[in-house]
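# Per-entry structural report
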Amino acid sequence: MTQFKESLAIEKLPSVQGRYSFGHLMSQTTWFKVGGAADLLFRPADTVDLCHFLKNKPSNLAITCIGAGSNLLVRDGGIEGCVVKLGSGFSDISIENDLVIAGAGCLDRTVAMKCQEAGLSGLEFLVGIPGTIGGALAMNAGAYENETKDFLEWFEFVDQQGVLHRLHTNEIHMTYRHGNLPAGAIAVRAAFRCIKKDPNEIRIKVSDYLHKREESQPIRGRTGGSTFKNPSQGSKAWELIDLAGCRGLRIGDAQVSEKHCNFLLNLDAARANDIEALGTMVQKKVKEITGQELEWEIIRIGSRL
Ligand SMILES: Cc1cc2nc3c(=O)[nH]c(=O)nc-3n(C[C@H](O)[C@H](O)[C@H](O)COP(=O)(O)OP(=O)(O)OC[C@H]3O[C@@H](n4cnc5c(N)ncnc54)[C@H](O)[C@@H]3O)c2cc1C
C-alpha cells in the first residue's frame, strides 16, 4: 500500500455523520456511465458534517467535488483520493419573496419546478439541465440566452480547510460556462433573485423549453451534454463539427450523436478512453477543415488506465 493509500485507512478518516464508500465505481454515477473507481466517495450529511470532515481529513487526501455527473468524463483509471458528493442534506429549497435559496445538491429541474409553482420567473432555463445547483454554479450553466450568473445573488461554499464563506455575484467573475469559483471551493447553497409573474406564463415557457430540448438533443442517451464550448467568434460548435463531417463518427461504442453533433454518446460499452479519443479526433478534424479550435466544455478528470 502506498503512503497515499494508507491515509485512506478508515481509522485515519474523521468520524462523520455521512457515508464513506471505498472503491466507488464512478461509472455508476456519471451520465456517460463510464469511469474507473474513486479511492473513496464521501456523502456528507450536511454542511456541518462537510466542514468537520475537511478540517479533520488527512492533509494529503485530494478532494474532488461532483454533482450529478452530467458534465463529467471520468477516465478509466479512476480518481485518486476522495470524491465528495452532496446528497439530500443539501437539497432544501426555501423562498423569501422573490429570493429562492437552494442547496447545492438540489437538481436544477426541481428548483425550476418549485419556482414555477411559486410564480417566480427567471430560472425556467434550468428545467432541462440535468445537473445540480452546485454544478450550475461551477459551470455557470445556461440555456436559451440565460445563464446561472444572471439570477445569482450570492452563494456559500466551504473551503478546503472546512471554513464556510459567502460570496456575492459581484465578487466573482462568472463567464460563459465557467463559474470561476475559488480554488477547491465546495458550493453548498445559493440564492437567486427571481421576478414575480403569472404561473401560467411560466408554465408555458417551461414546457416550451422541455419540448425544444426533446426535439433537438439525445436527452435519454448516455452523454455529457455539449462536448465543446461555442467558439467566441460567434459560430456554433455543432455547426463546425457538422462542417468537418463528424456527425455520426464512431470509435468503438463512442459516437458523435446524429441528432445533435456537439453531443458524444456511449452507445453501450464505450470506455472513457474511447469517448475522449473521439472528442480529440473531432477537435483535429474541425481544426483541419475550418481552422477553428474547439475547447472542451465537458470536464475530464481522473487518470488513464
Ligand atoms: C442531456 C444533457 C443536457 C445538458 N444541457 C445543458 C445545457 O443546456 N446547459 C448547460 O450549461 N449544461 C448542460 N449540460 C451539462 C451539465 O448538465 C451542466 O454543466 C450541469 O451544470 C452540471 O451539473 P452537475 O451537478 O451534473 O455537475 P458535475 O457534472 O457533477 O460536475 C461538473 C463540474 O462542477 C463541479 N461541481 C459540481 N458540484 C459542485 C459543488 N457543489 N461545488 C463546487 N463544484 C462543483 C465539478 O467539480 C465539476 O468540475 C447538459 C448535460 C446533459 C447530459
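About the thresholds
Residues numbered from 1 in each chain as written. Predicted model: local features only at pLDDT ≥ 70, side-chain atom pairs only at ≥ 80, totals over all residues. Heavy atoms only, no water. Pairing = 2+ DSSP bridges. Helix = DSSP H or I, 4+ residues; strand = E, 2+ residues; numbered from the N terminus. Axes fitted to C-alpha atoms, helices over the stretch in contact; angles between N-to-C directions. Contact = heavy atoms within 4.5 Å. Buried < 20%, exposed > 50% of the residue type's maximum accessible area, 1.4 Å probe, protein only. Near = heavy atom within 4 Å. Polar contact = N/O pair within 3.5 Å; in protein donor to acceptor, adjacent residues only side chain to side chain. Areas by Shrake-Rupley, 256 points an atom, 1.4 Å probe, with all protein chains shown as cover. Nonpolar A, V, L, I, M, F, W, Y, C, P; charged D, E, K, R; others polar. Arc of directions from axis to C-beta. Parallel < 35°, antiparallel > 145°, perpendicular 65-115°, else oblique. Phe/Tyr/Trp six-rings, centres within 6.5 Å; stacked < 30°, edge-to-face > 60°.

## Overview of the sheet that holds strand β2 (residues 37-43)
- Pairing is mixed in the open sheet, where four strands are placed in the order β1-β2-β5-β3. Edge strands, defined here as strands with exactly one partner in the open sheet, are β1 (19-25) and β3 (63-66). Along the sheet, successive strands turn relative to each other by an average axial angle of 30°, direction set aside.
- Note: β2 against strand β5 (residues 79-85), four bridges, orientation parallel. Across the sheet, L40 pairs through a bridge with C82, a residue of β5.
- Contacts between helix α2 (residues 47-56) and the sheet are confined to β1, β2, β3 and β5, with β5 contributing the most and set at about 155° to the helix.

## Here we look at the environment of D198
- Topologically, D198 is positioned in the loop between β14 (195-196) and α5 (199-216).
- Residue class for D198 comes out partly exposed when judged on its relative accessible area of 44%.
- Measuring from C-alpha to C-alpha, the distance between D198 and G184 comes to 40 Å, with 14 residues separating the pair along the chain.

## Description of the site of the ligand
- As a matter of local geometry, the ligand sits amid 34 residues, with C65, G67, S70, T132 and G142 nearest to it.
- Within the backbone of N71, one N or O atom sits 2.8 Å away from an oxygen atom of the ligand.
- Against a free-state accessible area of 970 Å², the protein chains account for coverage of 93% of the ligand.
- Mapped onto the shell around the ligand, the elements with two or more residues apiece are β3, α4 (133-139), β9 (142-143), β13 (186-193) and β15 (223-226).
- Looking at which element gives the most residues to the shell around the ligand, the answer is α4, with five residues.
- Across the shell around the ligand, the residue classes break down as 19 nonpolar, 13 polar and two charged.

## Details of the side chain of T223
- Tracing the sequence through the fold places T223 in strand β15.
- Of note is the side chain of T223, whose polar atom sits 3.2 Å from the backbone nitrogen of G225.
- Not counting residues within four places of it along the chain, the set of residues in contact with T223 comprises W31, F32, P218, F263, L264 and L265.

## Section: helix α3 (residues 108-118)
- Residues of α3 that are buried: D108, V111, A112, C115 and Q116. The buried residues of α3 occupy an angular sector of 140° when the element is viewed end-on, so they sit on one face.
- Once α3 ends, the next one or two residues include G119, with phi positive near 70°.

## Quick notes on the packing of α3 against α5
- Packing of α3 against α5 leaves a shortest axis separation of 9 Å and a crossing angle of 150°. Taken together, the axes of α3 and α5 lie roughly antiparallel to each other. Along its contact with α3, which presents R109, M113 and Q116, the element α5 presents P199, I202, R203, V206 and L210.
- Of the residues contributing to the contact of α3 with α5, the split by class is five nonpolar, one polar and two charged.

## With respect to the packing of aromatic side chains
- Summed over all chains, the structure comprises seven aromatic pairs.
- With centroids separated by 6.1 Å and ring planes inclined at 55°, the aromatic side chains of Y20 and F53 adopt a geometry described as tilted. Pair noted here: Y20 is in strand β1 and F53 is in helix α2, with a separation of 33 residues, a long-range link.
- Residue classification places F53 among the buried residues on the basis of a relative accessible area of 0%.

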